[in-house]
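Read off the chains here:
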Amino acid sequence: MATIIDYKKCTNCKVCYERCPEGLFELDGDGNVYVARPDECWLCGACQMDCHSGALRVTYDLNSKPVFVKLK
Ligand code: SF4
Ligand code: SF4
């Protein structure tokens, strides 16, 4: 399972940061959103559904632990 932010599409609107029920998104030193605690994700899918630009994708693999990948 992986949650992927495609930074070519991300507008840094921070909707995912505001909507994640677990508060797993944080802002780096430049104010850019990233997933800070991927192991606590419970796969609700809210971040992917609410991302207006299609930059966020949650994939599911029940045989592996969560991995969050930044694409630049
Ligand atoms: S909701 Fe989508 S566009 Fe907005 S900050 Fe998150 S990943 Fe980027
Ligand atoms: S799938 Fe849900 S819990 Fe996981 S990062 Fe997205 S909004 Fe947060």
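Going by the structure above, here's the rest.
Participant: Which parts of the structure should I look at to understand the overall build of the chain?
Facilitator: Per the secondary structure count, the chain includes two helices and five strands. Residue burial in the chain is summarised as follows: out of 72 residues, 15% are buried. Sequence-distant contacts in the chain: of pairs separated by 6 or more residues, those separated by 24 or more amount to 63%.

Participant: How do you make sense of the site of ligand 2 when you look at a structure like this?
Facilitator: Around ligand 2 sit T3, C20, E22, L24, C41, W42, L43, C44, G45, A46, C47 and V58, and those are all the residues in its vicinity. Residues that form the shell around ligand 2 fall into these classes: nine nonpolar, two polar and one charged.

Participant: How should the site of ligand 1 be read in this particular structure?
Facilitator: As a structural note, the neighbourhood of ligand 1 is formed by 13 residues, with C10, C13, V15, C16 and C51 the closest of them. Grouping the amino acids of the shell around ligand 1 by side-chain chemistry returns nine nonpolar, three polar and one charged.

Participant: When you look at the nonpolar core in this model, what are you seeing that I'm missing?
Facilitator: Taken as a class, soluble globular proteins show a tendency for nonpolar side chains to be buried jointly. Of all hydrophobic cores here, the largest spans ten residues; its members are I5, C16, L24, F25, V33, V35, C47, C51, A55 and L56. Not counting the four nearest positions on each side in its chain, C16 is found in contact with F25, V33, C47, D50, C51 and L56.

Participant: I'm lost on unusual backbone geometry in this one. Help?
Facilitator: Trans peptide bonds make up the majority, and among non-glycine residues the majority have a negative phi. The phi dihedral of N12 is positive, around 60 degrees, even though this residue is not glycine. Mapped onto the elements, N12 comes out in the loop between strand 1 (2-6) and helix 1 (15-19). Positive phi, normally seen in glycine, also occurs at L43, with a value near 65 degrees. Residue placement: L43 occurs in the loop between strand 3 (33-35) and helix 2 (46-50).

Participant: Which parts of the structure should I look at to understand the environment of F25?
Facilitator: Tracing the backbone shows F25 in strand 2 (residues 25-27). We classify F25 as buried; it has 22 C-beta atoms within 10 Å. Between the alpha carbons of F25 and V15 there is a distance of 9.8 Å; along the sequence they are ten residues apart.

Rules behind the numbers
- Residues numbered from 1 in each chain as written.
- Chains lettered and ligands numbered in written order.
- Predicted model: local features only at pLDDT ≥ 70, side-chain atom pairs only at ≥ 80, totals over all residues.
- Helix = DSSP H or I, 4+ residues; strand = E, 2+ residues; numbered from the N terminus.
- Buried ≥ 20, exposed ≤ 12 C-beta atoms within 10 Å, placed from the backbone.
- Contact = placed C-beta atoms within 7 Å.
- Near = placed C-beta within 6 Å.
- Nonpolar A, V, L, I, M, F, W, Y, C, P; charged D, E, K, R; others polar.
- Core = buried A, V, L, I, M, F, W, Y, C linked by C-beta atoms within 7 Å.

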